[in-house]
Amino acid sequence: MIVVENLQKIYGANVALDLEKLELNQGETIGLIGNNGAGKTTFFRLMLDLIKANNGKVLSKDKNVKKSEHWKNYTSAHLDENFLIDFLTPREYFSFIAGLRKVEKNDLNIFLEKYEEFLGSEILVQKKYIREFSKGNKQKIGIIAALIGLPEIIILDEPFANLDPTSQFRLKNILKEIGDETLLIISSHDLNHITEICTRIVVLEKGKLVYDIERSEDTLEKLKEHFAVEA
């Protein structure tokens, strides 16, 4: 579904990302792990054509994302609060995203009811602008918006950041329920969350791919050992 070929992003003397080959497939839940500066967010921004690569390409369904708009029809993402339209209320924002994805109003209401417990009444009932919400609630709004219409590709950068423990628990269950028709890609610093949710783990270090493994019973311990040595 997504194929990366000789992808490089360079800032001055710093190579932020250097991926020779990587394939991400439909139905996988990918956990992208790495310390700060490993290249995770850079990779996401290149996948979404938000920044220009120095070399290489990202193919989505065999089409270069730099040269095609087609991938936007089946791809969603929440990287940070800059993805939100902060002068809208949450309901207005959800309706805007639903319109882009051709989700009917009644279907949107049913969808939001499903995630009422995760979102909470402050988001769904109070008529506040998104800019007036806490970072945690902005995170919830962005995540749920990314799931509207269940796009074929969903990208979430640090989705557990700024969430309280109860919300993190609920989010884990939400992400586990994503269907086999979707490629879900999540970055996180939390090894426990990643190994619980994801079927495949990709580890980056200084922009390079160092591990690409299927999750198994001992994956968490292997990752802990790896990052303990790095520390």
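Further up the page is the structure itself.
Residues numbered from 1 in each chain as written. Predicted model: local features only at pLDDT ≥ 70, side-chain atom pairs only at ≥ 80, totals over all residues. Heavy atoms only, no water.

A. The packing of aromatic side chains, seen in detail. Inspection of the entire model under this criterion finds two aromatic pairs. Between phenylalanine 111 and tyrosine 115, the ring centres sit 4.9 Å apart and the planes meet at 65°, which makes this aromatic pair edge-to-face. Given the relative accessible area of 9%, tyrosine 115 is considered buried. Between lysine 61 and the ring centre of tyrosine 74, over which it is positioned, the NZ or CZ distance is 4.1 Å. Note that lysine 128 overlies the ring of phenylalanine 133, its terminal NZ or CZ placed 4.6 Å from the centroid. (Phe/Tyr/Trp six-rings, centres within 6.5 Å; stacked < 30°, edge-to-face > 60°. Buried < 20%, exposed > 50% of the residue type's maximum accessible area, 1.4 Å probe, protein only. Lys NZ or Arg CZ within 6 Å of the ring centre and 35° of its normal.)

B. Summary view of the pairing of strand E2 (residues 14–24). Pairing of strand E1 (residues 2–11) with E2, which is carried by nine bridges, proceeds in the antiparallel orientation. Across the sheet, residue valine 4 finds its bridge partner in E2, namely leucine 22. The antiparallel hairpin formed by E1 and E2 contains two residues in its connecting segment, where glycine 12 sits at a positive phi of about 65°. (Pairing = 2+ DSSP bridges. Helix = DSSP H or I, 4+ residues; strand = E, 2+ residues; numbered from the N terminus.)

C. Structural context of the nonpolar core. Counting 44 residues, the largest nonpolar core has Tyr93, Phe94, Leu119 and Ile144 as the members making the most contacts within it. Ranked by residue count, the leading element in this core is helix H6 (residues 135–147), at six residues. Filtering out sequence-adjacent residues up to four positions away, tyrosine 93 remains in contact with Phe83, Leu84, Ile85, Leu88, Ile130, Ile141 and Ala145. Counting residues in hydrophobic clusters, the runner-up holds 28 residues, among them Ile2, Leu19, Ala38 and Trp71. (Core = buried A, V, L, I, M, F, W, Y, C linked by side-chain atoms within 4.5 Å. Contact = heavy atoms within 4.5 Å.)

D. Local environment of unusual backbone geometry. Non-glycine residue aspartate 49 carries a positive phi angle of around 60°. Its place among the elements puts aspartate 49 in the loop between helix H1 (40–47) and strand E4 (55–60). Looking at aspartate 49, the relative accessible area reads 22%, which means it is partly exposed. The backbone phi angle of aspartate 62 is positive, close to 70°, even though this residue is not glycine. By secondary structure assignment, the location of aspartate 62 is in the loop between E4 and strand E5 (63–64).

E. Fine view of the sheet that holds E4. Spatially, E2-E1-E4-E5 is the arrangement adopted by the four strands of the open sheet, whose pairing is antiparallel. Strands with a single pairing partner mark the edges of an open sheet, and in this sheet they are E2 and E5. Bridging between E4 and E5 involves two bridges; their strand directions are antiparallel. Residue serine 60 lies in a different strand from E5, and its bridge partner there is lysine 63.

F. Geometry of the packing of helix H2 (residues 90–100) against helix H3 (residues 105–114). Taken N-terminus to C-terminus, the directions of H2 and H3 make an angle of 125°; their axes are 11 Å apart at the nearest point. Classified by the angle between their axes, H2 and H3 sit oblique to one another. Both H2 and H3 take part in a crossing whose hand is right-handed. Within the contact between the two elements, H2 uses Arg91, Phe94, Ser95 and Ala98 and H3 uses Leu108, Asn109 and Leu112. (Axes fitted to C-alpha atoms, helices over the stretch in contact; angles between N-to-C directions. Parallel < 35°, antiparallel > 145°, perpendicular 65-115°, else oblique. Left-handed = near helix turned anticlockwise from the far one by under 90°.)

G. Local environment of the pattern of salt bridges. Tallying each qualifying case throughout the model produces 16 salt bridges. Arginine 45 is paired through a salt bridge with aspartate 80; the nearest N and O atoms lie 3.1 Å apart. Note that arginine 45 is positioned in helix H1 and aspartate 80 in the loop between strand E6 (75–78) and H2, a separation of 35 residues in sequence. For arginine 45, a relative accessible area of 23% puts it in the partly exposed group. Between lysine 66 and aspartate 49 there is a salt bridge, and its shortest N-O distance comes to 3.1 Å. Separated by 17 residues along the polypeptide, lysine 66 in the loop between E5 and E6 and aspartate 49 in the loop between H1 and E4 bring together distant segments of the chain. Shared partners join several salt bridges into a network, and the residues in it are Glu5, Lys21 and Lys57. (Salt bridge = Lys/Arg side-chain N within 4 Å of Asp/Glu carboxyl O.)

H. Structural context of the environment of histidine 70. Within the element layout of this structure, histidine 70 appears in the loop between E5 and E6. In this structure histidine 70 comes out as partly exposed when scored by relative accessible area, which is 39%. Along the chain, histidine 70 and leucine 156 lie 86 residues apart, while their C-alpha atoms are 20 Å from each other.

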